[in-house]
Amino acid sequence: RLQNIREHGIRDIRILDRTFNHHPQQAIAMLQLFAEFHPHLRFHLEIHPALLPPSVREVLATLPTGLLHLEAGMQSLRQEVLDRSQRKGTLAQGIDGLQYLCSLPNLVTHADLIAGLPSYTLAQIYQDIQTLATCHAGEIQLESLKLLPGTAMRRNAAELGIRYSPLPPYEVLETDAISNEQLQEARRLSRLLDAFYNTPAWQALTRKLILKEENFLHHFLDNLTQANLIDQPMSLEKRGLVLYQYIKEHHPAYTTEASIAWI
């Protein structure tokens, strides 16, 4: 099947398994198979960072650069949230696995957070973004929780303190830990991450600001919202100019770095 796909000129393949590495031996066999198709094919995998035994780590470290696009399903960096969401593995295992994946020079690892999980507050989301930036995640994806029919979380929504839309995609409207207004802020925060942190040209500078300037994310998000820019599509150049003007006004010590990033 992979040979047939390759012969038809398709280059990117997404594996529809929410936890690719749940069965280590099967994952290893598939990774070794994928490597045979480098550099003609690239594979998108969703991997659970808490389920990385040494055998899987060893294979990942030997794979050719560019073969894999990994999405690490962190969801939250709070043990209470993971427990109430019935997430497998401990938080310590998840962070250790993520740090390992992000340390591999042959892989680019994206990490996700999910707003609307039970007990997950907006303040914790901001803190977790900072932690993911510290790990040098290749991208930080912040999504809102959807309660799909047939899932345990939907059946237990009332007990978990979750209110959600009855219409597809069944998005969470509020929880006992986060209001609807705060969820809207999380949505705008996701747009900021996509426009700046998840864009290679501006990622290093954005990461440095997140880590060095305590209130950068809050203040920059307010600035973009008030300027009616947060929901507008912006070109790469436009985003650079917006970031440069913001830095020049609020963090002038980084002006030279912004100029170098532009060049």
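Anything mentioned here points back to the structure above.
Cut-offs used in this document
Residues numbered from 1 in each chain as written. Predicted model: local features only at pLDDT ≥ 70, side-chain atom pairs only at ≥ 80, totals over all residues. Heavy atoms only, no water. Axes fitted to C-alpha atoms, helices over the stretch in contact; angles between N-to-C directions. Helix = DSSP H or I, 4+ residues; strand = E, 2+ residues; numbered from the N terminus. Parallel < 35°, antiparallel > 145°, perpendicular 65-115°, else oblique. Contact = heavy atoms within 4.5 Å. Buried < 20%, exposed > 50% of the residue type's maximum accessible area, 1.4 Å probe, protein only. Pairing = 2+ DSSP bridges.

Sorry if this is basic, but what is going on with the packing of helix 9 (residues 180–197) against helix 11 (residues 216–226) here?
Packing of helix 9 against helix 11 leaves a shortest axis separation of 10 Å and a crossing angle of 95 degrees. The angle between helix 9 and helix 11 falls in the class roughly perpendicular. On helix 11, the residues touching Glu185, Arg188, Leu189, Leu192 and Phe196 of helix 9 are Leu217, Phe220, Leu221, Leu224 and Thr225.

Looking at this structure, how should I read the environment of Gly66?
By the element assignment, Gly66 lies in the loop between helix 3 (54–62) and strand 3 (68–75). Accessibility expressed as a relative area gives 40% for Gly66, which makes it partly exposed. For the pair Gly66 and Arg42, spaced 24 residues apart in the sequence, the C-alpha separation amounts to 6.9 Å. The residues touching Gly66, leaving out its near neighbours within four places in the chain, are Arg42 and Asn106.

Help me understand unusual backbone geometry, please; the structure alone is not making it clear to me.
A negative phi angle characterises most non-glycine residues, just as the trans form characterises most peptide bonds. A cis geometry characterises the amide bond from His38 onward to Pro39, with omega recorded as 5 degrees. Mapped onto the secondary structure, Pro39 falls in the loop between helix 2 (24–35) and strand 2 (42–47). Put simply, Pro168 and Pro169 share a cis peptide bond, and its omega is 5 degrees. Considering the arrangement of structural elements, one finds Pro169 in the loop between strand 6 (162–164) and strand 7 (172–175). Of note in this structure, Ser119 is not a glycine but carries a positive phi near 75 degrees. When you line up the elements, Ser119 lands in the loop between strand 4 (108–115) and helix 6 (122–134). In this structure Ser119 comes out as buried when scored by relative accessible area, which is 16%. Of note in this structure, Asn228 is not a glycine but carries a positive phi near 60 degrees. Its place among the elements puts Asn228 in the loop between helix 11 and helix 12 (236–250). Assessed through its relative accessible area of 56%, Asn228 is described here as exposed.

What exactly am I supposed to notice about the pairing of strand 4 here?
Along any regular strand the residues' side chains alternate between the sheet's two faces. With 7 of its 8 residues buried, strand 4 lies for the most part within the structure. With 5 bridges joining them, strand 3 and strand 4 adopt parallel strand pairing. Of the residues in strand 4, the one forming a bridge with Gln75 is Leu113. Alignment of strand 4 against strand 5 (residues 139–144), held across 6 bridges, turns out to be parallel.

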